[in-house]
Amino acid sequence: MTKVITYGTYDMLHYGHVRLLERAKALGDYLIVGVTSDDFDKARGKINIKESLAERVAGVRATGLADQIIIEEYEGQKIDDIRRYGVDIFTVGSDWIGRFDYLKEFCNVVYLERTEGVSSTALRSSDRQIKLGLFGAREGRILSKYCSECRYVNGLEVAGICTPDQEVRELHAEATVFETYDELLDASDAAYIISRPELHYQHVKKALERGKHALVEMPITLDSEECGELYRMARERNLILMPAIKTAYSTAYNRLLLLLKSGKIGRVVSVDATCTSLREVDPTKEEFQDVWNSLCAWGPTAMLPIFHILGCAYKRADITSLLLEKSRRYDAFTKIDFLYDDAIASIKVGRGVKSEGELIVSGTQGYLYVPAPWWKTDYFEIRYENAENNRRYFYQLDGEGIRYELVAFVKAIASGTEEQYYISEEVATSISQTISLFYSGKFTEIQYSGDEPKGK
Ligand code: CTP
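Structural notes, computed from the coordinates. (Residues numbered from 1 in each chain as written. Predicted model: local features only at pLDDT ≥ 70, side-chain atom pairs only at ≥ 80, totals over all residues. Heavy atoms only, no water.)

1. Digging into the sheet that holds strand 2 (residues 30-36)
Paired through their backbone hydrogen bonds, the strands of a sheet run either parallel or antiparallel. The strand order across the open sheet built from five strands is 3-2-1-4-5, with neighbouring strands paired in parallel fashion. Every interior strand has two partners, whereas the edge strands, strand 3 (68-72) and strand 5 (108-112), have only one. Geometrically, the sheet is characterised by an average inter-axis angle of 25° between neighbouring strands, direction not taken into account. Here six bridges tie strand 1 (residues 3-8) to strand 2, and the two strands are oriented parallel to one another. Bridging from a neighbouring strand, K3 pairs with Y30 of strand 2. Sitting on the sheet, helix 4 (residues 77-85) is in contact with strand 1, strand 2, strand 3 and strand 4 (89-93), with an inclination near 150° to strand 3. (Pairing = 2+ DSSP bridges. Helix = DSSP H or I, 4+ residues; strand = E, 2+ residues; numbered from the N terminus. Axes fitted to C-alpha atoms, helices over the stretch in contact; angles between N-to-C directions. Contact = heavy atoms within 4.5 Å.)

In structure tokens:
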């Protein structure tokens, strides 16, 4: 019996796929079809697959051509499969010519002529494109990253940018520049907003009033009631309001949450997150007024694992902030201690102070450790008293997670349901509420001159 094997994603099964499978089957007596898993596709940069693995497998099965369907999950699996199933012929379409010659050591390799004029990519992009307007204030570094990442996301195109940041405008010379937010909104179906935390409320509100979906950098507002109001508005208008924290969309972060839920370190007793970076703008400069303070720039990211792991119902949050004498709205460093019924948590955030940006989750049987910078996480460890039991976990991270966040946003718009799985309204609101404590003066304050020690 001649065994043939072939692999593919088989997203939105089309005529080209069927023709390939027919010819693959005709090469022998028994056809094995390997369908790529979602994770494997993500790892090799295919992030926009429309159908789930189950749907894609069902599509291949429905052709009636496969004698056996397997899942392709890891790099190098093809050699394992060929040996395991005693495969005589490996075949794929001619778009892969030469790429699988290394398998000739194990079996025959046949490239079949690819069918012209049809592909999953073309089918996916024939859907309506969502026009995303990118709106930002003077600190345009993050806006610039979003602009670059949009090109990897099917179903999304940049409508234009609106930012006073000259560097960003020059860097993205191909993008249409709008001088006003109103003009940008007119040209867009959805807006990505990173203006200033105190202005987010009015900017999001305006987008929603105009019938535009909104992806908003956290904190969405500096007041939890306003946050609730925006969510209500979005629901009433069937629009998506999605909080943006790239970390929440990375595979490693989501996997660590699942592992914790499955009890890998026992009961969680403490979550401690640190996020810091150095200040780029001198406080004496005029543009310093646009600079996000430590709590707004880093607070949402640092609070995220706490609220995801321990929930939002903390009993107390004690905030201590080092306030810059020259600008009292600017906390150079803030520590928050959270008290829960049966656990504690803390964040340390700083802009202008540098510390080890790690995440540690302590449990009754072990602890989870994510090394710095944990918010760009592709790796973490679970450690135990007996180090032999320690485990390391690696995951692919592309575009710092921004790419996955944009995919989630597009999917949410297409399906009309927000992917609550990532950042729920409750978590977004609790983050705003905690930050609002600072703005209503409920914190312990330390004055800080911001001067460097003499003799440096
Ligand atoms: N294939 C083909 N003719 C086409 C499209 C695909 O022969 N018009 C073959 C590919 O060469 C591969 C198999 O079908 O052997 C599965 O391809 P897959 O990558 O799943 O499909 P594409 O349509 O090429 O998907 P994409 O556009 O996402 O790359």
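Here the narrative resumes.
2. Some remarks on the pairing of strand 6 (residues 130-136)
When you tally the buried positions in strand 6, you get six out of seven residues, the bulk of the element. One crossover worth recording links strand 6 to the parallel strand 7 (residues 156-162) by way of helix 6 (residues 141-149), and it is right-handed. By the bridge criterion, five bridges tie strand 6 to strand 8 (residues 190-194) in an arrangement that is parallel. Residue pairing in the sheet places L132 in a bridge with A190 of strand 8. (Buried < 20%, exposed > 50% of the residue type's maximum accessible area, 1.4 Å probe, protein only. Right-handed = clockwise from strand over helix to strand, strands pointing away.)

3. Quick look at the state of the cysteines
In total, this model carries zero disulfides according to the counting rule given. Not part of a disulfide, C312 finds its nearest cysteine sulfur in C227, a span of 11 Å. (Disulfide = S-S within 2.5 Å.)

4. Thoughts on the site of the ligand
In the vicinity of the ligand there are 19 residues, among which H17, D95, V118, S120 and T121 approach most closely. One nitrogen or oxygen atom from the main chain of T9 is found 3.0 Å from an oxygen atom belonging to the ligand. One of the side-chain nitrogen or oxygen atoms of R114 is found 3.0 Å away from an oxygen atom of the ligand. For the ligand, whose unbound accessible area comes to 570 Å², protein coverage reaches 93%. Among the elements of the structure, helix 1 (15-26), strand 4 and helix 5 (120-125) are those that each provide at least two residues to the shell around the ligand. Class assignment for the residues of the shell around the ligand results in five nonpolar, ten polar and four charged. (Near = heavy atom within 4 Å. Polar contact = N/O pair within 3.5 Å; in protein donor to acceptor, adjacent residues only side chain to side chain. Areas by Shrake-Rupley, 256 points an atom, 1.4 Å probe, with all protein chains shown as cover. Nonpolar A, V, L, I, M, F, W, Y, C, P; charged D, E, K, R; others polar.)

5. Here's the deal with the environment of L322
Structurally, L322 can be placed in strand 12 (residues 316-324). Residue classification places L322 among the partly exposed positions, given a relative accessible area of 22%. Spatially, the C-alpha atoms of L322 and K376 are 26 Å apart, while their sequence positions differ by 54 residues. Residues within four places of L322 in sequence aside, it is in contact with Y330, D331, A332, F333, I446 and Y448.

Read these as layout, nothing more, since geometry by itself doesn't imply function.
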